[in-house]
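What the coordinates show
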Amino acid sequence: FLLLHFIYERDQTALTKVQLSKEVGVTPMNVTRAVQELESLELVTVQKSGRSDYVAPVCRGKALYNAAKPYLIDPVQKRLSVACTGELAQLPLSGESALSERTMLNMPPVPCRAIDRKAYRQQEAGLKQIDPAWCMDNDYIELEVWRYDPMRFSEAGTVDVVSLAAAFRSHPDERIEMAVDEMMEGYKW
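The text that follows walks through the structure, step by step, so that each part is easy to find. (Residues numbered from 1 in each chain as written. Predicted model: local features only at pLDDT ≥ 70, side-chain atom pairs only at ≥ 80, totals over all residues. Heavy atoms only, no water.)

Further remarks concern the packing of helix α2 (residues 17-24) against helix α3 (residues 28-40). Running from N to C, α2 and α3 point in directions that differ by 110°, and their axes come no closer than 9 Å. By the angle between their directions, the pair α2 and α3 is classed as roughly perpendicular. Once α2 is placed against α3, the crossing between them reads as right-handed. Residue-level inspection shows Lys17, Leu20 and Ser21 of α2 in contact with α3, the latter providing Pro28, Val31, Thr32 and Val35. Each residue belonging to the contact of α2 with α3 can be placed in one class, and the counts come to four nonpolar, two polar and one charged. (Axes fitted to C-alpha atoms, helices over the stretch in contact; angles between N-to-C directions. Helix = DSSP H or I, 4+ residues; strand = E, 2+ residues; numbered from the N terminus. Parallel < 35°, antiparallel > 145°, perpendicular 65-115°, else oblique. Left-handed = near helix turned anticlockwise from the far one by under 90°. Contact = heavy atoms within 4.5 Å. Nonpolar A, V, L, I, M, F, W, Y, C, P; charged D, E, K, R; others polar.)

Restricting attention to buried positions, one finds in helix α4 (residues 61-68) the residues Gly61, Leu64, Tyr65 and Ala68. Projected down its long axis, α4 shows its buried positions confined to an angular sector of 105°, all on one face. The inward-facing, buried residues of α4 abut α1 (2-8), β3 (52-57), α8 (161-167) and α9 (174-186). (Buried < 20%, exposed > 50% of the residue type's maximum accessible area, 1.4 Å probe, protein only. Arc of directions from axis to C-beta.)

Judged from the six bridges that link them, strand β2 (residues 44-49) and β3 form a sheet pairing that is antiparallel. For Lys48, the partnering residue across the bridge sits in β3 and is Asp53. Here β2 hands over to β3 after two residues, with Gly50 in that stretch at a positive phi of 70°. (Pairing = 2+ DSSP bridges.)

If you want it as structure tokens, here you go:
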């Protein structure tokens, strides 16, 4: 999540871990852990100044994405089919639905939406799971439960391109792979 912040953030100033924690909305302990990991991968630099550590990415935008690409993980923890509600319809498109919005790929018959795991746990009891094999209508959605909040970096009603590319990283379908390449080449960093 911190890496995504650095990829999309245009501001070049180094921030303290406390400032990063407030800006990104992650606990200071998680920021410290994330910074240590990103520093070990040589994606950020940390400079001490007095009692504070200032953190800055080694590069921004597409250059940082390319450097971080081998380390990106699939943000999706779980996929399930559920009855569509008004609240779920407001979530950002993800999966093939988001990819079809950004490329020439056809829209799948069942829309896919993303929710963060905390919001999912709050709504889990009220969700009605659907077995697609027994459903004649397409009045359900595929719901992806994400490791982090997909709304934070979403744009135009879809999840962000870096997370979407990471979700399809090891997808076996060649047309999906080509659509991801098209999306990343056409993205305005």
